[in-house]
Amino acid sequence: MSGDRPSPLVIERILRDRAGIWQQIVAEGDLNALTGRMLASSAIALACYGAVLGAFHSPLMALTSALKLPLLFLVTLAICLPTLYLFNLVFGARLSVRQSLALVMVAITVTSMLAVAFAPISLFFLITAPDYGFFKLLNVAILTLSALVGLRFLTGGMQVLNDHGLLAPEATSTRADAYAQVNVPAQAVPAAVPADPAPTAAPAAVPAAEPVAVPAGAVPAGSTSNGAAATPPVPAQPSGQPAVAAIPPGMVPPGYGPVQRPWERPPARRGEPTQRPASMTLLYIWILLFGFVGTQLAWTLRPFFGDPGQDFSFFRSIDGNFYAEILRTIANL
């Protein structure tokens, strides 16, 4: 599926034409429309899944959860996106705000669509096994799995941007210049000749010379003092063409590096460390930060499920934390 005929569902294009999405982000082509479609699709999908979560308590809780779950992801994005953008700027990356936003929105769109795909399974257990603790852990596991897959898309997109030199442009240009210098042809070197050499007449046929006696101690013509044969002169070239000095096989002229073509490079050894740009390392740190901010914000915006033993409330008092509540729920099972 090409970018000229986009699918009406943006998630279908993300999954089928992943390379096209990355290329569009690299070229910054119509990113506002792409980001808007992903934002609308994510909000609708998260609202549907939030309604399933709140349906465990009451229809009113289903409505509030449908509002709060999209708000959870969007507020987390608003809090963490400036950090990602500034991290990239500090370490020399050339990502714009629109590119950073589009990358993160790809991850959120994949996460929300996978979560709504699990909604029928969550609804099935809600009907057949209405246990509050089990239902809560089941949906936390669904959201965690969906988020991991979405973040995998984020790291894949950042890797594509790194291949295009948007994360470490200086290192990329240095490697390209070094590679161009190494791959200079070393088979022949032009010799300095006059701009318009005078035409030379064709040499006449010379009969074979008779052997001439050489006095003792004298050096024969065409040889050196140690007896080795002298280098024959370079033949004259036609008018307007530079003379070329022959280079013996296996020798490289001074000032030229060894010729190494891409297919002649030795393969990387297994276990050999590869150089990773600082932006990619900071991306994983940012993902952890995004997860901590998101879970704490979810705890602040609770309830999403609604404890059947308590009355409906839009917000609850902040006591404890998300991780302690998960451990307590597992212990109570």
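Read on for an overview of the structure. (Residues numbered from 1 in each chain as written. Predicted model: local features only at pLDDT ≥ 70, side-chain atom pairs only at ≥ 80, totals over all residues. Heavy atoms only, no water.)

**A short note on the nonpolar core**
Counting residues in each nonpolar core, the largest one holds 53 residues, and the members touching the most others are Leu 154 and Trp 286. Apart from the residues within four sequence positions on either side, Leu 154 is in contact with Leu 103, Val 104, Ala 107, Leu 283, Trp 286 and Ile 287. (Core = buried A, V, L, I, M, F, W, Y, C linked by side-chain atoms within 4.5 Å. Buried < 20%, exposed > 50% of the residue type's maximum accessible area, 1.4 Å probe, protein only. Contact = heavy atoms within 4.5 Å.)

**Digging into helix H7 (residues 132-163)**
One turn of the α-helix equals 3.6 residues, which is why residues spaced by three or four share an orientation. Taking 1.5 Å of rise per residue, 32 residues should cover 46 Å, and H7 covers 47 Å from first to last C-alpha, within 8% of that figure. For H7, the side-chain oxygen to backbone nitrogen distance between the N-cap and Gly 133 is 3.4 Å, and the N-cap itself is Asp 131. (Helix = DSSP H or I, 4+ residues; strand = E, 2+ residues; numbered from the N terminus. Expected span 1.5 Å × (residues − 1). Polar contact = N/O pair within 3.5 Å; in protein donor to acceptor, adjacent residues only side chain to side chain.)

**Details of a nonpolar patch on the surface**
On the surface, Leu 60, Leu 63, Leu 67, Phe 312, Phe 314 and Phe 315 cluster together into a nonpolar patch covering about 580 Å² of accessible area. Within the element layout of this structure, Phe 312 appears in the loop between helix H9 (278-301) and helix H10 (322-332). (Patch = residues over 30% accessible without salt bridge, like charges linked within 9 Å, V, L, I, M, F, W, Y side chains within 5 Å. Areas by Shrake-Rupley, 256 points an atom, 1.4 Å probe, with all protein chains shown as cover. Salt bridge = Lys/Arg side-chain N within 4 Å of Asp/Glu carboxyl O.)

**Points about the side chain of Ser 313**
Summarising the element assignment, Ser 313 is placed in the loop between H9 and H10. A polar side-chain atom of Ser 313 sits 3.5 Å from the main-chain carbonyl oxygen of Phe 315. Ser 313 has contacts with Met 61 and Pro 303, leaving out every residue within four places of it along the chain.

**Focus: the pattern of salt bridges**
By the definition in use, this model includes five salt bridges. Two residues, Arg 16 and Glu 12, come together in a salt bridge whose shortest N-O distance is 3.1 Å. Taken as a pair, Arg 16 and Glu 12 lie in helix H1 (residues 10-16) at a separation of four residues, close to a single helical turn. When its relative accessible area of 60% is taken as the criterion, Arg 16 is described as exposed. On the basis of relative accessible area, Glu 12 is assigned to the partly exposed category, the value being 28%. In this structure, Lys 136 and Glu 325 form a salt bridge, with 3.0 Å as the shortest nitrogen-oxygen distance. On the criterion of sequence distance, the pair formed by Lys 136 in helix H7 and Glu 325 in helix H10 is long-range, its members being 189 residues apart.

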